[in-house]
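The chain contents come next:
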Amino acid sequence: MVRLQGVTKRYAHVWALRGIDLELRRGRCLGIFGANGAGKTTLLNILATLTRPSSGQVTIAGYDAVREAEKIRPRLGVLGHRTYLYGDLTASENLQFYGRLFGVTNGHRRSQELLHSVGLDSDSQQRVRTFSRGMQQRLAIARVLLHEPELLLLDEPYTGLDQQAVSRLQSLLDDLQADEKTIILSTHDLPRGLAVCDEILIQSRGKIAYYHETASDLDIAGFEQLYAAHVQ
Ligand SMILES: Nc1ncnc2c1ncn2[C@@H]1O[C@H](COP(=O)(O)OP(=O)(O)OP(=O)(O)O)[C@@H](O)[C@H]1O
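Residues numbered from 1 in each chain as written. Predicted model: local features only at pLDDT ≥ 70, side-chain atom pairs only at ≥ 80, totals over all residues. Heavy atoms only, no water.

At their nearest, the axes of helix H3 (residues 91–101) and helix H5 (residues 133–145) sit 9 Å apart, and the two run at 25° to each other. Classed by the angle they form, the pair H3 and H5 counts as roughly parallel. Pair H3 / H5 crosses with right-handed handedness. Where H3 abuts H5, its residues Ala91, Asn94, Leu95 and Tyr98 lie against Leu139, Ala142 and Arg143. Classifying every residue of the contact of H3 with H5 by side-chain character gives 5 nonpolar, 1 polar and 1 charged. (Axes fitted to C-alpha atoms, helices over the stretch in contact; angles between N-to-C directions. Helix = DSSP H or I, 4+ residues; strand = E, 2+ residues; numbered from the N terminus. Parallel < 35°, antiparallel > 145°, perpendicular 65-115°, else oblique. Left-handed = near helix turned anticlockwise from the far one by under 90°. Contact = heavy atoms within 4.5 Å. Nonpolar A, V, L, I, M, F, W, Y, C, P; charged D, E, K, R; others polar.)

Here helix H8 (residues 220–230) has its buried residues at Phe223, Leu226 and Tyr227. One side of H8 holds all its buried residues, which, seen down the axis, span an arc of 100°. The outward face of H8, more than 90 degrees from its buried face, is lined by the exposed residues Gln225, Ala228 and Ala229. On its buried side, H8 packs onto strand S3 (29–33), helix H7 (190–196), strand S9 (199–204) and strand S10 (207–212). (Buried < 20%, exposed > 50% of the residue type's maximum accessible area, 1.4 Å probe, protein only. Arc of directions from axis to C-beta.)

Among the 5 residues that make up S3, 5 are buried, leaving the element largely enclosed by the rest of the structure. Residues of S3 alternate between two faces, with Cys29, Gly31 and Phe33 on one and Leu30 and Ile32 on the opposite face, all of them buried. Relative to strand S8 (residues 182–186), S3 is paired through 4 bridges, and the arrangement is parallel. Counterpart to cysteine 29 in the pairing with S8 is isoleucine 183. (Pairing = 2+ DSSP bridges.)

With that settled, the discussion passes to the sheet that holds S3. Strand pairing in a sheet takes place through backbone hydrogen bonds and is either antiparallel or parallel in direction. Spatial strand order, S6-S7-S8-S3-S9-S10: 6 strands in an open sheet with mixed pairing. Both edges of this open sheet fall to strand S6 (76–79) and S10, since each of them pairs with a single strand only. The mean angle between the axes of side-by-side strands here comes to 15°, regardless of whether they run parallel or antiparallel. Pairing between strand S7 (residues 151–155) and S8: 5 bridges, direction parallel. Residue pairing across strands places leucine 151 opposite threonine 182, the latter belonging to S8. This element, H5, spans S6 and S7 of the sheet and lies at about 165° to S6. The strands touched by H8 are S3, S9 and S10; relative to S9, the strand with the most contacts, the crossing angle is about 25°.

To continue, consider the UniProt feature "domain: ABC transporter" (unreviewed entry) in the chain. UniProt marks residues 2–230 with the feature "domain: ABC transporter" (unreviewed entry), using the numbering shown here. The straight-line gap between the two end C-alpha atoms of residues 2–230 is 24 Å; of that span, 35% is helix and 26% is strand. (UniProt positions renumbered as here; feature names shortened; annotations may be inferred.)

On to the site of the ligand. Taken together, the neighbourhood of the ligand is formed by 14 residues, with Asn36, Gly37, Lys40, Thr41 and Thr42 sitting nearest. Threonine 41 places a polar side-chain atom, nitrogen or oxygen, 2.8 Å from an oxygen atom of the ligand. Histidine 188 places a side-chain nitrogen or oxygen 3.0 Å from an oxygen atom of the ligand. Taking 630 Å² as the accessible area of the ligand by itself, protein coverage stands at 62%. Among the secondary structure elements, those contributing two or more residues to the shell around the ligand are strand S2 (14–24) and helix H1 (40–47). Among the elements that line the shell around the ligand, the one with the most residues is H1, at 3 residues. (Near = heavy atom within 4 Å. Polar contact = N/O pair within 3.5 Å; in protein donor to acceptor, adjacent residues only side chain to side chain. Areas by Shrake-Rupley, 256 points an atom, 1.4 Å probe, with all protein chains shown as cover.)

Structure below.
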């Protein structure tokens, strides 16, 4: 589903990515871990076709991420640091608006389902500007799932979520995997990331410092040791 070969990214004098090679099969969930500035967001932005690599090749669902970005974009669900929600619209109106934008048929029903999945049923008619950060994050998660994307790119999805919302996200991610969706998420939360991901990658200074294909082999203590050993 995703293949990166020799991917670099340079911002002026900063090398954010310094030669990333990676393959991820359809239906797998990859967790990207690493210190602040390791290049996680840059990598996710390149996969989201929002940033061009300086060199190397990125292929998603068989399409080149630079030359064929328009073929890739409808297949992606991208959760970034910003929520891209409209404060003057209600939660339900936000989802219906994005549903129309993404060409979702049955946008109303789909919005209701997702509001339920993220636990916002009773807040669906409230304007988003009255929402807490965690409620906005729940709604942003619902927004990226509206059009049933094949590849989910989630940058720090646990931001602001309370324990109940984390459990809901966990079960949404399980359902998506059962449905053969591919997921790549970055997080600083080692236990939550390890619990949900099939594969893990520790990024350090723009490189892959450690990669493990079967996260289920690891317990949290072992993973924390590996993380400490590979993060600079
Ligand atoms: N638009 C930009 N212009 C210049 N430098 C940038 C830009 N975006 C990122 N960088 C630099 O690239 C490097 C990687 O940043 P990136 O945001 O990808 O890291 P990250 O691992 O996501 O960090 P965090 O955990 O803090 O979110 C950092 O040194 C950062 O300063």
